[in-house]
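Listed here are the chains, written in short residue letters.
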Amino acid sequence: MTNSQSDMWSPKITQAPTIPPVELMKQQASALVNYTHGLVTADVTVKAYPEKLGSLFSSPQEPYFEATFWLGVPTLDYRFLLLTARYGLEVWPVLISPSGQDSVEVPDQPAFETALRALLSSERTTKIVNTLMAHA
Amino acid sequence: MLTIAFWNVARKPLGATVAGLALEWDVDIFVVCESPTSTDATQTALSQASQRPWHTAFAIGRGIVVYTRLHPRFLQTRRELPNALFLNITLPLYPDFLLAAVHLRSKLHAQTADQAAAARKIVRELSSLERDVGHQRTIALGDFNMDPFEEGMLSADAFHGVMSRDIALRHTRRVAGDSYGFFYNPMWGFIGRSSTVPGTYYYDNSGAMVNQYWHVYDQLIVRPNVAPWIDDARIRILTMCGPQSLIAPNGCPDAGAASDHLPIVFSIDPPVEIST
């Protein structure tokens, strides 16, 4: 593709990434209220682990981000970690770690969406949400 | 997942720093000892920093105080010693577990034998409690005022905290005909670690022939049943609170601006229990 005269950027610049995993997670988090009417909520928090913190880990690590998907019961100040998604500066691949289950690495947005859909719609997650609803 | 922190603030008014750490590390339960700050003030600082209510779950005077952002109904005190507080924590979707918060006497006021005796007393109480509740899902944390290799931490009839997860998973060891339960002590791995600070506490005993300088007095140890919940890579000795260093320019804990002990933080990821 040829750049127009007004566009002086290199065509070698990486194409803008697809929707980042944290945004996809936030979209799903906000959708939960449709089912639970606020008795159980969902929230996504992001924490950056910059290089300077690498020395605090058991072994030096690259900087990375950790997006955490929480289910919450506001009446109890209780929250339950449903999954974490870890990714580096280049976003993809993403390591998805559902709470209490094995981690899986996904290479791109479609694979992430497939994995997230499978997790959120699973019988296990449904039971978790329903159990939390029972406590609310 | 649950995140738990411990800090001996060494009689310094560090409520705001405790709150800052709780926010930064997304702490659910914060055990603080030797705080001169009132529990109300610390609880308020925690609540203001996180913009959500924190509770003072339990306290032995100001020696050991347990703050939590969890609803207090999830934490029940089961037993208490002058140097230890035993809580049962029951959370939705997770198996209940015991949390023992301990603060043993300093070497300034206790001999090695005294510390080991105190450790044995705590373990006896804990073992009795484990029999009462019918499980051994136990986490003990605090300022043990002993290194992992000292008698009170390692002896079979005391904490029996071994450095190997695999050995701990044998659950018990027989010594002279008696069976003793293990703890797994992941803090062995923090002794003299080159990639971070060499310990949680620094004491320059320069008049002594043997001078270790750094110690790992602040520890968490877990029963074998809990070992799979712990990711060693998620145990941290903290050296910063936001932009504030907890380390002085000489590389030691900043006892002037903060504490002579460094805080520790870790996460547990218990298995999810879903009723069918």
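Here, every reference points to the structure presented above.
Residues numbered from 1 in each chain as written. Chains lettered and ligands numbered in written order. Predicted model: local features only at pLDDT ≥ 70, side-chain atom pairs only at ≥ 80, totals over all residues.

1. Some points on the overall build of chain B
Of regular secondary structure, chain B possesses five helices and 19 strands. By the compact-globule yardstick of 19 Å for 276 residues, chain B fits well, its C-alpha radius of gyration being 18 Å. Summarising its shape, the C-alpha atoms of chain B cover approximately 55 × 50 × 35 Å along the three principal directions. Expressed as a percentage of its 276 residues, the buried residues of chain B come to 48%. (Helix = DSSP H or I, 4+ residues; strand = E, 2+ residues; numbered from the N terminus. Rg over C-alpha atoms; globule rule 2.2 N^0.38 Å. Buried ≥ 20, exposed ≤ 12 C-beta atoms within 10 Å, placed from the backbone.)

2. A look at the pairing of strand S7 (residues 97-103) of chain B
Residues and elements named next belong to chain B. With respect to burial, S7 is a largely interior element, seven of its seven residues being buried. Of the two faces of S7, the one holding Phe97, Leu99, Ala101 and His103 and the one holding Leu98, Ala100 and Val102 are both buried throughout. Of the pairings in the sheet, the one linking strand S6 (residues 84-89) to S7 comprises six bridges and is antiparallel in character. Looking across to S7, one finds that Phe86 is bridged to Ala100. Where S7 meets strand S8 (residues 138-143), six bridges bridge the pair, whose relative direction is parallel. The residue of S8 that forms the bridge with His103 is Asp143. Chirality of the crossover, the property in question, places the unit of S7, helix H3 (residues 112-133) and S8 among those that are right-handed. (Pairing = 2+ DSSP bridges. Right-handed = clockwise from strand over helix to strand, strands pointing away.)

3. A few points about helix H2 (residues 39-50) of chain B
All names here are of chain B. With 12 residues, H2 should reach 16 Å at 1.5 Å per residue; the first-to-last C-alpha distance of 16 Å fits that figure. Listed in full, the buried residues belonging to H2 are Thr39, Thr42, Gln43, Ala45 and Leu46. Seen from one end, H2 has its buried residues packed into an arc of 160 degrees, which puts them on one side. Where H2 is buried, its residues meet helix H1 (15-24), strand S2 (29-33), strand S3 (55-60) and strand S4 (64-68). (Expected span 1.5 Å × (residues − 1). Arc of directions from axis to C-beta. Contact = placed C-beta atoms within 7 Å.)

4. Considering the pairing of strand S19 (residues 264-268) of chain B
Residue and element names in this part refer to chain B. Counting buried residues in S19 gives four out of five residues, a clear majority hidden from the surface. Here strand S1 (residues 2-8) runs beside S19; their pairing, made up of five bridges, is antiparallel. Bridge pairing links Leu2 to Ile268 in S19. Sheet topology note: the strand S16 (residues 236-237)/S19 ladder contains two bridges and is antiparallel. Across the sheet, the residue bridging to Arg236 is Val265, located in S19.

5. Looking at the interface of chain A and chain B
Contacts between the two partners involve 18 residues from chain A and, on the opposite side, 17 residues from chain B. For the side of chain A that touches chain B, the secondary-structure elements that each account for two or more residues are strand S3 (78-87) and helix H4 (123-135) of chain A. Considering each element in turn, the side of chain A that touches chain B owes the most residues, six residues, to H4(A). Of the residues assigned to the side of chain A that touches chain B, the class counts are nine nonpolar, six polar and three charged. (Nonpolar A, V, L, I, M, F, W, Y, C, P; charged D, E, K, R; others polar.)

6. Notes on the packing of helix H1 (residues 21-31) of chain A against helix H3 (residues 109-120) of chain A
Residues and elements named next belong to chain A. Where H1 contacts H3, the axes come no closer than 11 Å and their chain directions differ by 30 degrees. Put simply, H1 runs roughly parallel to H3. In the crossing of H1 with H3, the sense of the turn from one axis to the other is right-handed. In this structure, H1 contributes Pro21, Leu24 and Gln28 to the contact, and H3 contributes Phe112, Glu113, Leu116 and Leu120. Split into classes, the residues belonging to the contact of H1 with H3 amount to five nonpolar, one polar and one charged. (Axes fitted to C-alpha atoms, helices over the stretch in contact; angles between N-to-C directions. Parallel < 35°, antiparallel > 145°, perpendicular 65-115°, else oblique. Left-handed = near helix turned anticlockwise from the far one by under 90°.)

7. Things to note about the sheet that holds strand S5 (residues 104-106) of chain A
Residues and elements named next belong to chain A. Taken in spatial order, the five strands of this open sheet run S1-S2-S3-S4-S5, and their pairing is antiparallel. Each edge of the sheet is formed by a strand with only one pairing partner; in this case those strands are strand S1 (41-49) and S5. Between one strand axis and the next, the sheet turns by 25 degrees as a mean value, whatever way the strands run. Of the strand pairs in this sheet, S1 and strand S2 (residues 64-73) are connected by nine bridges, and their pairing is antiparallel. For Thr41, the partnering residue across the bridge sits in S2 and is Gly72. With respect to the sheet, H1 is in contact with S1, S2, S3 and strand S4 (94-98), its orientation differing from that of S1 by roughly 160 degrees. Contacts from H4 reach S2 and S3 within the one sheet, and its direction differs from that of S2 by about 50 degrees.

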